[in-house]
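# Structural features, examined
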Amino acid sequence: MLKPRRHLPTYPDGVMEVYRKPSNGRAFDAGALPETLEGLEPVCTLCYSVEAMRERDIEFARQLGVEETLKLRCPSCEFVCSKMLAVIEGRIYNITRIDPSGKRELFAYLGGGVSVGGAAERGR
């Protein structure tokens, strides 16, 4: 007897580019978002689907003392961690936390959101 087919997950909402900040030798980094991609190391590119933030997610973010603006569902990638940056539609976000969902997917919680080249846009 054949097993029923399992549908593969889809990620129709866009593409997220993940970058690593170069290590500068300091133990403490203030976490300010850069306004350009200069000096950032590309890690990977992932498709994503935007998910609704649950009350539990918002409460957990409050306990951590961070503000999360987006929750994304992506294919699992072992190289992505919470100290990296994500670029989505011309905006740079901090990855505040990663929540693995089984072996195939992960949930990425993003905070902040600065336009790439934000200084040039403010000068207009």
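So, here is what we can say about the structure in this document. Just so it is clear, the structure is predicted and the values come from calculations on it, not from any experiment.

Now for the sheet that holds strand β2 (residues 41–51). The strands that make up a sheet pair up through hydrogen bonds in the backbone, lying either parallel or antiparallel. The six strands lie next to each other as β1-β2-β3-β6-β5-β4, forming a closed barrel whose pairing is antiparallel. Strand after strand, the sheet turns through a mean of 45° between neighbouring axes, direction not considered. Sheet topology places strand β4 (residues 85–88) next to strand β5 (residues 91–101); four bridges connect them, and they run antiparallel. Bridge pairing links I88 to R91 in β5.

Turning our eyes to something else, we now look at unusual backbone geometry. Here the phi dihedral of E89 falls at roughly 50°; this positive angle occurs in a residue that is not glycine. Tracing the backbone shows E89 in the loop between β4 and β5. For E89, a relative accessible area of 69% gives the class exposed.

Before going further, it helps to spend a moment on the environment of P34. Of note, P34 is situated in the loop between β1 (14–20) and β2. Since its relative accessible area comes to 23%, P34 is described here as partly exposed. Once the C-alpha coordinates of P34 and S115 are considered, the two residues, 81 residues apart in sequence, prove to be 9.4 Å apart. Other than its neighbours up to four places away in sequence, P34 contacts L40, L85, I92 and V114.

By the secondary structure assignment, K71 is in strand β3 (residues 70–75). Polar side-chain contacts of K71 include one of 3.0 Å to the side chain of D57. Once residues lying within four places of it in the same chain are set aside, the contact partners of K71 are S49, V50, E51, A52, M53, R54, D57, F107, A108 and Y109.

Counting 17 residues, the largest nonpolar core has M16 and L110 as the members making the most contacts within it. Non-local contacts of M16, meaning those with residues more than four positions away in its chain, are made with C44, T45, L46, Y48, L72, C74, A86, V87 and I88. Core analysis: the next-biggest nonpolar cluster, separate from the first, contains six residues, Y19, L85, V87 and I92 among them.

What follows concerns the side chain of E68. Summarising the element assignment, E68 is placed in the loop between α1 (55–64) and β3. Polar contacts involving the side chain of E68 include one to the side chain of T96, which spans 3.1 Å. Of note is the side chain of E68, whose polar atom sits 3.0 Å from the side chain of R97.

Cut-offs and rules
- Residue numbers restart at each chain and count upward from 1, following the sequence in its written direction.
- Local features in this predicted model are restricted to residues whose pLDDT is 70 or higher, and side-chain atom pairs enter the listing and the counts only when it is 80 or higher, whereas totals over whole chains, interfaces and linings include all residues.
- Side-chain numbers here rest on the full set of heavy atoms in the structure, without hydrogens or water.
- Two strands make a pair as long as DSSP finds a minimum of two bridges between them.
- Elements are defined by DSSP. Helices are runs of H or I of four residues or more, strands are runs of E of two residues or more, and each kind is numbered from the N terminus.
- Lines fitted to C-alpha atoms define the axes, with helix axes restricted to the stretch in contact, and inter-axis angles between N-to-C directions lie between 0 and 180 degrees.
- Exposure categories follow from relative accessible area, calculated using a 1.4 Å probe and restricted to protein chains: below 20% of the type maximum is buried, above 50% is exposed, and the middle band is partly exposed.
- Note on contacts: a residue pair is in contact if any heavy atoms of the two residues lie within 4.5 Å.
- Two N or O atoms form a polar contact when they lie within 3.5 Å of each other; inside protein one atom must be a possible hydrogen donor and the other a possible acceptor, and for residues adjacent in sequence the pair counts only when both atoms belong to side chains.
- Residue types Ala, Val, Leu, Ile, Met, Phe, Trp, Tyr and Cys, when buried and joined through side-chain atoms within 4.5 Å, form a set referred to as a nonpolar core.

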